Every structure is written in structure tokens, then in C-alpha cells.
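# Results of the structural survey
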Amino acid sequence: MLKDSKKQNFQWRLRGLKVHIRGKGPLTESLKKELIGTVWELTDSILQAELVVSEDLLDVDLSGKAVVDLYPFKDKSVAFYRERSVPFVSIFPVFYKEFAFSEFYVLEKSEDERITTFLDFLKNLGIILKDVSWGEYKEILEKYSVLLFLARALKDSFLMGYASHLLNWREETGNFLALAEKVIPRLKDNDFPVEHSELIGEFSKLFRPPVSLNEMRHKIRLIDFVTLGLIDERMKVAKRIAEEKKKTDSPVDLREVEEQKVKEILDRTSLNPVRVRRVFEEIMKLAKEEEYRLLGISKTVAVLGPMGSFSDEMALKLIGSRIPIKYCASTDEIIRMVEKGEADYGIVPIENSTHGTVIPVLDALLNHEVEVFGEAKLEVHHCLVAKRRLDLKEIKRIYSHPQAISQSLGFINAYLPHAEIRYTTSTSDAVNLLDDESAAIMSENAARMYGLFILRKSIQDLKEKNITRFYIIRRKTGKMEGKYTSLFFGVQDKPGALKAVLDVFANKGMNLRKLESRPARTFLGDYVFFVEVEAPLGKEDLKDLEKVTAFYKIIGVFDEIEELDVFE
Ligand SMILES: O=C(O)C(=O)C[C@]1(C(=O)O)C=C[C@@H](O)C=C1
């Protein structure tokens, strides 16, 4: 127990062992530095062990003395004692005030009577001594860092600093002074409540196999506590990352980073990979929620990724920031995410002035429960890009999204007839496939973002009016506000059935902007129709539609929008 922490010479008693710290004058900054000690010098009487500490081992006169080495980075300290032929025992953990520990690991020891007496003394205190190899020691050090993080959860500021240090121990090895600088401010009050030591002592049991059911339950409780402390710590780091993201306007949600992380984790476990994945995905979800909250973002927007796709460009135009964007691998995934509530909004291309309707989007809108509540247009210019400067005739393959390929067919047929066309899930995704003999078609922005070489600009067939129209979707609300209505319908297989539906619109003076037919996927020749009507359909209109259709499904009533509010 620490008796007097304010005076220069202070001592405490732990399980009968009196520890005395030597020092002159008041507790100065330099003495505080010394408190980060590493060696205990064993005097004649073991009960008067004296702590002689220094941040620099070389300062200590060790002649004729035996030493208890407490320095955590033992490859340094053990070599030091060996070189000087000082009898020593190298133990872990640092039994500073945490003398409550019930286990000590002994890494190396000299044959010396004082050392033997000292170790016997520890044993008599009920402490278990375990000999460990260097490999085991490294593992223990890492586990110990987890333990110390618990101390952090307990708001013990000294151990808090030390714990964070230990987690970075590889980087910090050899930089003891820097460590001291970090930890010393935390020693300011010099107040180490002993309860913490005891609790930490409890936690040391984490490393001992539990025997009774009670012990096992206790151990699980402790592990949960430590896990929570670590998750909390993780959240703090994520929030700091969020601040960085704000500076660079980078998205919070980074699927590729997450996927890579999960892969590394799964490589290290033999547990059920599906469940382990779920655990970590949930933790990352928590981190993302915290990041969004911190950044004042309450809504997220799913678009086709990776960054640099035309959908990304559209989103940036509508939102003004990439922070709320979630990048998806396909338009189908976007629609599913919105349907499930995993993203508040989705931005999907519905048609292009050169290539026409984006069929996969149309089909997905029929099969999922989402609602279009806005539309927006983007002028699209394509560039031919490559990893290096290439002559067009050297290009063996061209990678891009089917829409971009189709919009640039004139150029491809004229200048790249020899090249093989390979489709990608988005224009920007082509960057992941490029090699030295291939080119991609993507936006100028994407090419710059990925540091690609622009071989030709504006290669799309329609030079001025290559425009893509996007639908902005959300989960179904049933609201019917806006100038336009999108709907699917089916009719009976009889003459004039389609005309009867079109007449409903014609008789009401409603112009049609778009008409498509899609296979109903029942029998050959069965179709579902899609129309965009230049009017908001009301209850009466729907009643009239019901009379002439086999079914209908409203996809949305909407207006053209210029911005999308994610701060609501
Ligand atoms: O690495 C980041 O950018 C983070 O914000 C951290 C984190 C995570 O929790 O692991 C969170 C969100 C990103 O989707 C990826 C990873």
C-alpha cells in the first residue's frame, strides 16, 4: 500500500515486502522520470529491497549487486546484464504496485544465492513462478497489454499510458525515453489506488486455466470486460479516422478496407468463419455509426463503386461530399441495400441518351420494394486510359462497363477493332483489371484519381448530349409527390389490352416519357411493361388502371432534384 506518495522518500508495503524508493528533495520532474524504473537491487535483507531506478541502465552502479530485471523489453536488458556478468533474474510482469499479481513469469536467471532467496521469498508469498521461453514471453507480453487495457477501462491513468505503450511495443522498443515522456505526465498526482492493483491481480487469473464452473464463468466475465474495453478503444481510433476523413472528404464506409481486414482476421482463426465475420462486421458497423454521428451525417447513400464511377460523380454533384457514400459492387446490391435499410438512399442509372435503358436496374426495380423519389442527370464524357503511354494498336484489351463500351462503339470500331472487349461492373472498376497491354474507358476524374494515363478524351459517340439519367431511390414510403410517375404493369393476353392501358393515360392528357417491355419470366411471349408518365397518378387514376391491367406496381412519383440532403 502506498503510504506517502507526496514526499521524496516514500515506501509502501505489499504482502510483507517493504519497497523503498530513494530520492533527494521534493518529487522533481527528474525524480518522477526515475520512477519509470527497471531494476530492483537486492540488498542483504530481502525485506528491504530497494528500488534503484533510472531511465538509462548505464547510470546504475551494479558492482557486487544482484538485480531483478523488470524491464519489459528483455532482449535489451538481459543482454545488458549478461555482458556485465551481473547476477540477475528476469521476470515479468513489472511488480511495481501490482504486487497483487498471483503469477510471475521467469525468463532467465543466474545461479546466485540472493536470486534463489528472492524467488523463494516470492513463492512464500503465494506467488506462482513459471519458467517461460523467449517465444512464450513475447506472447505473454502481448496478453499483458490486453490486461493493461483493462486498467485503462478502470481509468487508471498511469497504466493507461503504459498499456497503450505496450500495444505498440515493437515500435517503441529501445525508445524508453520517449515512453517516459509519455507516461510521466500521467504520474502527476502520484495517486495509485490500490484497488486497481487488486483487480488487475484478479485479471492475471485470465492466464490460468479455470477449474470450477464458477471460475470459468468468472473468467468469461472478465474476458467480456476486457473485450468491451478494447472495443471502446477501437471506437476512439475510428473517430480520429473520421476527423481525417472529414479533412479529405473521403467516404466513411470503405468496403475494400473492411474486406481486407476480415480476410486477415479469418486467416487467424479456426472458429466458424461465417460467425467470426459477422462479429467483426458488427464491430465495424458500430465504428461507422460513430463516425457518421461525429461528422453530423444522418443519412447514407449507396452508389456503384469503386470511387470514380459516373454514379459517384452524380452523387458528389447531389450531396457535395463523399463522406455519406457507400460504394456497392452492382446496381442490384444498391437496390437491395436500400430495401433492407442498410443505406437510406440509392443512386442508380436508369437510362442513357446513347445506349437507352439500363436493363438490370429496371429488372431490379420490378423485383424489389424500393421507391423512386427523385431523378437527376449527368453529362457523360468518356476517356480512353491506360497504366502507361500506349499506341492504340498496342492495346490488346479494353475494359469497361457495358454502357460505356456501347456509348463509345464508334470510336472502338474505328480505332480499336483488334482489341478484345471485357466488361466490368463499373467504369472505375476497370482500374482493378488493367495491365500493361490493356486500356479502360472511364471518366477523366477517375483516371486522375487512380493516376492513369489519358490516351484519348471524349471518345463517346455523342459528343455533346451523352446524358445519363439517374433514379434516386429510398425505402418504400408510399408518398406520391412529384411531376412524374414510374410504374410497371401487366395485361391479359388479348388484342387491344396494351392499347386500353395507354388510352387511360391518353384520355387524361398524360404524356408518356418512356415505354419498355420486359419478359415476365413466366412463359415465352409474356411481358411486363414499364412506363414513365408525365403526371403524378392519383387514386382515381389507379382505379382506372386496375380495370385494364392484370397487375400494376408504382415505382415512384418524383421530380428532378438538384441536391440530396444527408444532414436531415
Ligand atoms: O479504416 C477506416 O477508414 C475506418 O474508418 C475504420 C473501419 C473499421 O471499423 O475497421 C470503419 C469504416 C470503414 O468502412 C473501414 C474500416
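This text follows the structure it describes.
These numbers come from a predicted model, not from an experiment.

What follows deals with the site of the ligand. Near the ligand you find 13 residues, and of these Lys245, Leu254, Glu258, Lys261 and Glu291 are the closest. One of the side-chain nitrogen or oxygen atoms of Arg234 is found 2.8 Å away from an oxygen atom of the ligand. For the ligand, an oxygen atom lies 2.5 Å from a polar atom in the side chain of Lys261. Here the ligand, which alone exposes 360 Å², has 93% of that area covered by the protein. Ranked by the residues each element gives to the shell around the ligand, the list is headed by helix α11 (residues 273–294), at 4 residues. Considered class by class, the residues forming the shell around the ligand number 6 nonpolar, no polar and 7 charged.

What follows covers a nonpolar patch on the surface. Nonpolar side chains collect at one region of the surface, where Leu409, Ile421 and Tyr423 lie side by side and expose about 270 Å² of accessible area between them. Structurally, Tyr423 can be placed in strand β16 (residues 420–423).

Following the sequence through the fold, Lys261 ends up in helix α10 (residues 255–267). Residue classification places Lys261 among the partly exposed residues on the basis of a relative accessible area of 35%. Sequence-distant contacts of Lys261, that is, excluding residues within four places in its chain, are made with Arg234 and Met284.

Right, let's get into unusual backbone geometry. Where the residue is not glycine, phi is negative for most of them; where a peptide bond is considered, it is trans in most cases. Each neighbour pair has its own omega, and for Gly305 with Pro306 the value is -5 degrees, a cis peptide bond. Mapped onto the secondary structure, Pro306 falls in the loop between β9 (301–304) and α12 (310–319). Within the chain, Ser85 stands out as a residue other than glycine whose phi angle is a positive 50 degrees. Along the chain, Ser85 turns up in the loop between α2 (74–83) and β6 (88–92). Its relative accessible area of 63% is what places Ser85 among the exposed residues. With phi around 50 degrees, Asp249 is a residue other than glycine that occupies positive phi space. Following the sequence through the fold, Asp249 ends up in the loop between α9 (213–248) and α10. Owing to a relative accessible area of 27%, Asp249 belongs among the partly exposed residues under this scheme.

Rules of the game
- Residues numbered from 1 in each chain as written.
- Predicted model: local features only at pLDDT ≥ 70, side-chain atom pairs only at ≥ 80, totals over all residues.
- Heavy atoms only, no water.
- Near = heavy atom within 4 Å.
- Polar contact = N/O pair within 3.5 Å; in protein donor to acceptor, adjacent residues only side chain to side chain.
- Areas by Shrake-Rupley, 256 points an atom, 1.4 Å probe, with all protein chains shown as cover.
- Helix = DSSP H or I, 4+ residues; strand = E, 2+ residues; numbered from the N terminus.
- Nonpolar A, V, L, I, M, F, W, Y, C, P; charged D, E, K, R; others polar.
- Patch = residues over 30% accessible without salt bridge, like charges linked within 9 Å, V, L, I, M, F, W, Y side chains within 5 Å.
- Salt bridge = Lys/Arg side-chain N within 4 Å of Asp/Glu carboxyl O.
- Buried < 20%, exposed > 50% of the residue type's maximum accessible area, 1.4 Å probe, protein only.
- Contact = heavy atoms within 4.5 Å.

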